[in-house]
Amino acid sequence: MEFQRFEALKTAIRTASPDQVLDLEILIQAVVSEQLGAVSLARRTQALVQSRTCPHCKGTDVVLHGKDMDGRQRFRCRAVDCRRTFNILTGTPMARARKPEKWGRYLGCMNDHLSVRRIMETRIGLNHKTIWRWRHRFLKAAANDNTPVLSGVIEADETFFVRSFKGDRGWKKGRPPELRAARPSGWGALTRGLSHAQVPVLTALDTGGGIYEAILGSRYAIAEALEGRIAAGSVLCSDGQQGYVKAAVKAGAEHRRVVVTTVTSSAAKAIVGPTKPRRKGRLGLGRVNAHHGQIKVLVNGRCRGVATKYLGNYFGWHGAMVKEAAGTALLDRSLL
Ligand SMILES: [Zn+2]
């Protein structure tokens with residue numbers, strides 16, 4: 001929009017009635033979410049023009065340095081031992097990503113937990129490879145977003161994912177990543193029960209919304225993984241495995257073993273009359289179990305399994321989506 005028309009529009013808006021202002025607010029919000037990527041870039045440009053901080057050396061003697069092929073502002077650092085040029089995306093996971101006009105819509109799709117194929121079906125105009133690459137660019141920023149130390153009442157438990165090399169070309173190229181035949185998708189583990197074929201994932205949640213999630217080398221590595229993660233004086237609830245007890249003792253926290261009663265279908269039928277209502281504030285593993293249910297739906301359900309090396313990224317995705325305004329949050333984090 002040309003400058004004079006834009007200024008006239010701003011003047012006109014100042015005379016709008018309260019009803020019209022509300023109307024405008026809705027319109028602006030819609031435009032912002034459509035142009036999420038472009039708006040976020042503009043915001044960053046403005047901030048960098050103000051702060052003039054070099055991402056390489058953190059120096060502040062920075063000058064404007066023309067525009068690049070995509071029309072983005074470039075900057076140059078004048079520090080004697082730096083003298084490098086950069087743009088607002090330098091050093092972020094999105095540094096070489098193009099088409100910012102599509103980032104907003106794309107993040108909306110991620111918000112809805114759409115798989116690569118489903119995103120293609122929305123006719124977003126990106127190819128399969130780009131969609132996949134962007135997913136990991138955005139998720140890299142959210143991965144390993146662990147709360148440093150958990151406190152208060154903490155629920156901890158493990159769950160297991162089938163070890164997967166989805167997408168690995170090893171089998172085709174004669175360098176299998178594991179000595180077994182490749183599995184057709186959706187087969188799951190070839191052996192029953194817990195074995196090397198299962199990857200243990202430890203999750204601990206506290207009452208303040210803190211989360212700690214770790215992919216364990218073995219299911220006996222619980223105490224090690226929780227070391228330094230629990231504040232003294234907290235209450236750690238678990239199924240009572242040695243690792244949790246050890247971790248609690250070491251942290252100076254109290255350990256509570258929660259007896260998880262497994263209700264079999266025949267036992268459920270045998271229950272006559274209403275069951276006792278759950279007492280409020282009673283310790284349990286309900287939240288962590290619900291969390292595990294959700295990440296299983298995302299990883300095994302929506303995405304039909306993911307390669308083990310990317311599991312952490314998907315946990316980050318889930319974590320980001322649980323929070324409010326996830327699309328914006330994810331983008332802002334990717335651009336940190
Ligand atoms: Zn510099």
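Since this is a predicted model, take the numbers as computed values, not measurements.

K.L.:
Can you tell me about the overall build of the protein chain, naming the residues and giving the values?
P.N.:
Counting its regular elements, the protein chain contains 12 helices and eight strands. Taking all 336 residues of the protein chain together, 35% fall into the buried category. Taking contacts inside the protein chain between residues at least 6 apart in sequence as the whole, the part at least 24 apart equals 58%. Put simply, the protein chain shows about 20900 Å² of open surface, and 54% of that area lies on carbon and sulfur atoms.

K.L.:
So what's going on with the coordination of the zinc ion? Which residues, and what values?
P.N.:
The protein atoms that coordinate the zinc ion are Cys-54 (SG), Cys-57 (SG), Cys-77 (SG) and Cys-82 (SG), at distances of 2.3 Å. Taken together, the four donor atoms surrounding the zinc ion define angles of 103 to 114° at the centre, an arrangement classified as tetrahedral. Since its relative accessible area comes to 34%, Cys-57 is described here as partly exposed.

K.L.:
Explain the pattern of salt bridges to me, and be specific about the residues and the numbers.
P.N.:
Summed over all chains, the structure comprises five salt bridges. Its salt-bridge partner being Glu-7, residue Lys-10 comes within 3.3 Å of it at the nearest N-O pair. Taken together, the residues Lys-10 and Glu-7, both in helix α1 (residues 3–14) and three residues apart, mark about one turn of the helix. On the basis of relative accessible area, Lys-10 is assigned to the partly exposed category, the value being 39%. The partner of Arg-118 in a salt bridge is Glu-121, with the nearest N and O atoms 3.2 Å apart.

K.L.:
Quick one: what's the story with the sheet that holds strand β7 (residues 235–238), residue by residue and with numbers?
P.N.:
The five strands lie next to each other as β6-β5-β4-β7-β8, forming an open sheet whose pairing is mixed. A single partner strand is all that each edge strand has here, and the edge strands are β6 (211–215) and β8 (254–257). Pairwise comparison of adjacent strand axes, ignoring direction, gives a mean angle of 25° for this sheet. In this sheet, β8 lies alongside β7 in parallel orientation, the contact comprising four bridges.

K.L.:
Before we move on, can you summarise the packing of aromatic side chains with the specific residues and values?
P.N.:
Counted according to the given criterion, the structure contains three aromatic pairs. Plain terms: the ring middles of Phe-75 and Phe-86 are 5.7 Å apart, the flat faces sit at 15° to each other, and that makes the pair stacked. Linking Phe-75 in strand β2 (residues 73–77) with Phe-86 in strand β3 (residues 85–87), this pair joins segments that are 11 residues apart in sequence. The class for Phe-75 is buried, based on a relative accessible area of 0%. Taking the relative accessible area as the measure of exposure, Phe-86 reaches 0% and is therefore buried. Summarising the aromatic geometry, the rings of Tyr-106 and Trp-134 are spaced 5.4 Å apart at their centres and angled 90° between planes, so their arrangement reads as edge-to-face. Taken together, the residues span a long stretch of sequence, with Tyr-106 in helix α4 (residues 103–111) and Trp-134 in helix α6 (residues 128–142) at a distance of 28 residues. Across the pair, Trp-134 and Tyr-106 agree in class, each one buried. Geometry around Phe-161 places Lys-296 over its ring, the cationic atom sitting 5.0 Å from the centre.

K.L.:
Can you explain the pairing of strand β1 (residues 62–67)? Please cite residues and give values.
P.N.:
Within a regular strand, the side chains alternate between the two sheet faces. Judged from the four bridges that link them, β1 and β2 form a sheet pairing that is antiparallel. Note on β2: the bridge partner recorded for Lys-67 is Gln-73. As consecutive antiparallel partners, β1 and β2 are separated by five residues, and within that stretch Gly-71 has a phi angle of approximately 80°, a positive value.

K.L.:
Residue-level account of helix α10 (residues 286–302), with values.
P.N.:
For α10, with 17 residues, the first-to-last C-alpha span of 23 Å sits near the 24 Å given by 1.5 Å per residue. The largest bend in α10 comes to about 25°, at Lys-296. Just past α10, the residue Arg-304 takes up positive phi, approximately 50°.

K.L.:
Provide a residue-level description of helix α8 (residues 242–251), including the pertinent values.
P.N.:
Three or more residues of α8 are buried, namely Gly-243, Tyr-244, Ala-247 and Ala-248. The buried residues of α8 occupy one face: seen down the axis, they fall within an arc of 130°. When the buried face of α8 is taken as reference, the exposed residues oriented beyond 90 degrees from it are Gln-242, Lys-246, Val-249 and Lys-250. Where α8 is buried, its residues touch β4 (153–162), β5 (198–206), α7 (222–226), β7 and β8. Backbone geometry just downstream of α8 places Gly-252 in the positive-phi region, at approximately 75°.

K.L.:
Help me get a handle on the sheet that holds β1, residues and values and all.
P.N.:
Two orientations exist for strands paired in a sheet by backbone hydrogen bonds: parallel and antiparallel. Taken together, the three strands give an open sheet; going across it, the order is β1-β2-β3, and neighbouring strands pair in antiparallel fashion. The sheet is open, and its two borders are formed by β1 and β3, each paired with just one other strand. Across the sheet, the mean angle from the axis of one strand to that of its neighbour is 35°, orientation sign disregarded.

K.L.:
Give a description of a positive patch on the surface that names residues and reports values.
P.N.:
On the surface, a cluster of positive charge is contributed by Lys-129, Arg-133, Arg-169, Lys-172, Lys-173 and Arg-175. Assignment of secondary structure puts Lys-129 in helix α6. Taking the relative accessible area as the measure of exposure, Lys-129 reaches 61% and is therefore exposed.

K.L.:
How would you sum up the side chain of Asp-68? Please name residues and give values.
P.N.:
Summarising the element assignment, Asp-68 is placed in the loop between β1 and β2. The buried charged residue Asp-68 lacks any salt bridge partner; its closest oppositely charged side chain belongs to Arg-74, at an N-O distance of 4.5 Å. Polar side-chain contacts of Asp-68 include one of 2.8 Å to the backbone nitrogen of Arg-72. Once residues lying within four places of it in the same chain are set aside, the contact partners of Asp-68 are Arg-74 and Asn-87.

What counts, and where the lines are drawn
- Residues numbered from 1 in each chain as written.
- Predicted model: local features only at pLDDT ≥ 70, side-chain atom pairs only at ≥ 80, totals over all residues.
- Heavy atoms only, no water.
- Helix = DSSP H or I, 4+ residues; strand = E, 2+ residues; numbered from the N terminus.
- Buried < 20%, exposed > 50% of the residue type's maximum accessible area, 1.4 Å probe, protein only.
- Contact = heavy atoms within 4.5 Å.
- Areas by Shrake-Rupley, 256 points an atom, 1.4 Å probe, with all protein chains shown as cover.
- Donors = N, O, S within 2.8 Å, 3.2 Å for Na, K, Ca; no water.
- Tetrahedral: all angles 85-135°; square planar, octahedral: opposite > 155°, others 65-115°.
- Salt bridge = Lys/Arg side-chain N within 4 Å of Asp/Glu carboxyl O.
- Pairing = 2+ DSSP bridges.
- Axes fitted to C-alpha atoms, helices over the stretch in contact; angles between N-to-C directions.
- Phe/Tyr/Trp six-rings, centres within 6.5 Å; stacked < 30°, edge-to-face > 60°.
- Lys NZ or Arg CZ within 6 Å of the ring centre and 35° of its normal.
- Expected span 1.5 Å × (residues − 1).
- Bend = angle between axes of the 7 residues up to and from the residue.
- Arc of directions from axis to C-beta.
- Patch = residues over 30% accessible without salt bridge, like charges linked within 9 Å, V, L, I, M, F, W, Y side chains within 5 Å.
- Lys, Arg positive; Asp, Glu negative; His and termini not counted.
- Charge placed at Lys NZ, Arg CZ, Asp CG, Glu CD.
- Polar contact = N/O pair within 3.5 Å; in protein donor to acceptor, adjacent residues only side chain to side chain.

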